[in-house]
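Chains, contacts and geometry: an overview
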Amino acid sequence: MNTSERRPVTVITGGSGFLGSHLTEKMLGLGHKVVVLDNLVTGNLDNIAHLRSRTDFEFIHHDVSQYIDVTGPVDFIFHFASPASPIDYLELPIQTLKVGALGTHRALGLARAKGAKFLLASTSECYGDPLEHPQKETYWGNVNPIGPRGVYDEAKRFAEAMTMAYHRYHKLDTKIVRIFNTYGPRMRPFDGRVVPAFICQALKNEPMTVFGDGKQTRSFCYCSDLLEGIVRLMMSDFHEPVNIGNPSEMTVLDFAVKIRELCGSKSEIIHKPLPVDDPKIRQPDITRAKEILGWKPVMNLDEGLKLTIAYFRSLITSGKL
Ligand code: UDP
């Protein structure tokens, strides 16, 4: 049976995490059956609780660094499983390496067995602490392989190499997205990333912890923008990496001030030591995404932050935070 006679089937590894759960909703909205594989190490069943009773949705509790068994046809595989915040990969260094390396191998193996299209969720961390600015996909990066962040950076770089090998050797239809800082509802309140950290601190009028002098820069993309780019990439015929992110760059200190203002908070801003190998600058060059996918972000930062703040406020109101 081909996909014109039945509903397309999408597998999403890490589908109960922040981005994975939004992607799950998006693919269901496009009329796909969605199978989520997640070991729940950093994923959260609350993110997909509202989908569990649907007949076009299936959740399989599984660690994708082990052999993956999915019955029936599969048309698309989005490989999103991985710890994704610096404190997660400091706490889970071996799992981070395993899911990036072994998990990617398993997910590619499943794609090959099923003849499915495959998309790897890679990362701007492939550029490390970049010496080129903004970062184009042609930049090879400046990564410390033995530093504490190296477990994530090198796992994703290996995952990209493995994906290209499957593309070249097995002729698999693969795509690679390099995801830059993304934010939105369902980020984990205590995952240590700057967006949940600052918003939770501001909403509770607690000190906001700026690491270092706060002059390091990041560029923040709202989750719905990112996923629109990712789905366009999956449906394209392009095989080399594509940056998806929002190029509007700001310092972490300015970001803290903005969040404090949007939360109507009285928090003071305090400084804590800068984590090892924290990139000093980061901004995606999205020329390739514009040209190949006709994509650019549309969500304004203040609007996206207001939606995200409302989510964290609701967690506080419902006693979950
Ligand atoms: N950061 C910060 N305070 C926090 C958490 C993070 O100043 O409480 C900084 C961090 O040092 C980095 C930036 O915010 O420069 C973004 O950090 P995040 O962990 O969100 O992601 P990264 O872009 O470093 O992967």
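See above for the structure.
Positions within a chain are numbered from 1, following the residues in the order the chain's sequence is written. Under the rules for a predicted model, residues below a pLDDT of 70 receive no local features and side-chain atom pairs below 80 are neither given nor counted, while totals for whole chains, interfaces and linings still include all residues. Excluding hydrogens and water, the side-chain figures rest on all heavy atoms present in the structure.

Let us now look at the layout of surface pockets. Left-over empty space is what a probe sized like a water molecule reveals as it rolls over the atoms. Cavity means a closed set of points on a 1 Å grid over the protein atoms alone, one where a 1.4 Å probe fits but cannot get out, pocket means an open set with protein on both sides within 12 Å along at least 5 of 7 lines, and lining means a residue has an atom within 4 Å of a point. Grid points are joined across faces, edges and corners, and a volume is the space filled by probe spheres set on the points. Its volume calculated, the second largest pocket comes out at about 340 Å³. Considering the residues around the second largest pocket, the lining is formed by 16 residues, among which Glu-137, Trp-140, Glu-160, Arg-178 and Pro-241 are closest to the centre. Looking at which element gives the most residues to the lining of the second largest pocket, the answer is helix α4 (residues 150–170), with 5 residues. Amino acid classes used here: Ala, Val, Leu, Ile, Met, Phe, Trp, Tyr, Cys and Pro are nonpolar; Asp, Glu, Lys and Arg are charged; the rest, including Gly, are polar. Taken together, the residues of the lining of the second largest pocket break down into 8 nonpolar, 1 polar and 7 charged. Under the scheme used here, helices are H or I runs from DSSP no shorter than 4 residues and strands are E runs no shorter than 2 residues, and both carry numbers assigned from the N terminus.

If a single non-hydrogen atom of a residue is within 4 Å of a molecule or strand, that residue counts as near it. Residues in contact with the ligand amount to 18 residues; listed here are only the nearest, Thr-209, Phe-211, Arg-218, Asp-278 and Arg-282. We define a polar contact as two N or O atoms separated by no more than 3.5 Å, with the added condition that, inside protein, one atom must be a possible hydrogen donor and the other a possible acceptor, whereas residues neighbouring each other in sequence contribute only through side-chain atom pairs. Between the ligand and Phe-211, the relevant distance is 2.7 Å, taken from an oxygen atom to a main-chain nitrogen or oxygen of the residue. A distance of 2.7 Å is found between an oxygen atom of the ligand and a side-chain nitrogen or oxygen belonging to Arg-282. A 1.4 Å probe and the Shrake-Rupley method give the accessible areas. Residues count as covered only by the protein chains that appear here. Protein contacts shield 95% of the accessible area of the ligand, which totals 520 Å² for the unbound molecule. Residue assignment for the shell around the ligand shows that the elements contributing at least two residues are α5 (194–203) and β8 (208–211). Split into classes, the residues belonging to the shell around the ligand amount to 8 nonpolar, 4 polar and 6 charged.

Moving on to the packing of aromatic side chains. Between 30 and 60 degrees the pair is tilted, below 30 it is stacked and above 60 it is edge-to-face, where a pair is any two Phe, Tyr or Trp rings, Trp via its six-membered ring, whose centres lie within 6.5 Å. The full count for this structure, using the stated rule, is 8 aromatic pairs. Their ring planes at 65° and their centres at 6.4 Å tell us that Phe-78 and Phe-80 sit as a pair that is edge-to-face. In this structure Phe-78 comes out as buried when scored by relative accessible area, which is 0%. Type-normalised accessible area, obtained with a 1.4 Å probe on protein chains alone, sets the label of each residue: buried when under 20%, exposed when over 50%, and partly exposed for intermediate values. Judged by its relative accessible area of 10%, Phe-80 is buried. A ring pair is formed by Phe-220 and Phe-255, whose centres lie 4.0 Å apart and whose planes are at 10°; its orientation type is stacked. Taken together, the residues Phe-220 in the loop between β9 (217–219) and β10 (221–222) and Phe-255 in helix α7 (residues 252–263) connect sequence positions 35 residues apart. Aromatic ring contacts, followed pair by pair, group Tyr-127, Tyr-139 and Phe-180 into a single cluster.

Here the focus is the environment of Pro-284. Assignment of secondary structure puts Pro-284 in the loop between β13 (269–272) and α8 (287–293). In this structure Pro-284 comes out as buried when scored by relative accessible area, which is 2%. Separated by 36 residues in the primary sequence, Pro-284 and Ser-248 place their C-alpha atoms 8.8 Å from one another. By the convention used here, residues are in contact when the closest approach between their heavy atoms is within 4.5 Å. Residues contacting Pro-284, with those up to four places away along its chain left out, are Pro-134, Gln-135, Phe-180, Ser-219, Asn-243, Gly-245, Asn-246 and Pro-247.

To qualify as a nonpolar core, a set must consist of buried Ala, Val, Leu, Ile, Met, Phe, Trp, Tyr and Cys residues joined through side-chain atoms within 4.5 Å. Core analysis: the largest hydrophobic core is formed by 56 residues, its most contacted members being Phe-78, Phe-80, Ile-230, Phe-255 and Ile-259. Not counting residues within four places of it along the chain, the set of residues in contact with Ile-259 comprises Phe-198, Ile-199, Ala-202, Met-208 and Leu-305.

Should DSSP find at least two bridges between two strands, the strands are taken to pair. Read across the open sheet, the 7 strands follow the order β3-β2-β1-β4-β5-β6-β11; overall the sheet is parallel. Bordering the open sheet on either side are β3 (57–61) and β11 (241–244), each of which pairs with just one other strand. Adjacent strand axes in the sheet meet at a mean angle of 20° when their direction is disregarded. To get an axis, fit a line to the C-alpha atoms, keeping to the stretch in contact for a helix; angles then go from 0 to 180 degrees between the N-to-C directions. Packed onto the sheet, helix α3 (residues 93–114) meets β1 (9–13), β4 (76–79), β5 (117–123) and β6 (174–179) and runs at close to 180° relative to β4. Where helix α6 (residues 223–234) meets the sheet, it contacts β4, β5, β6 and β11, and its direction lies at approximately 160° from that of β6.

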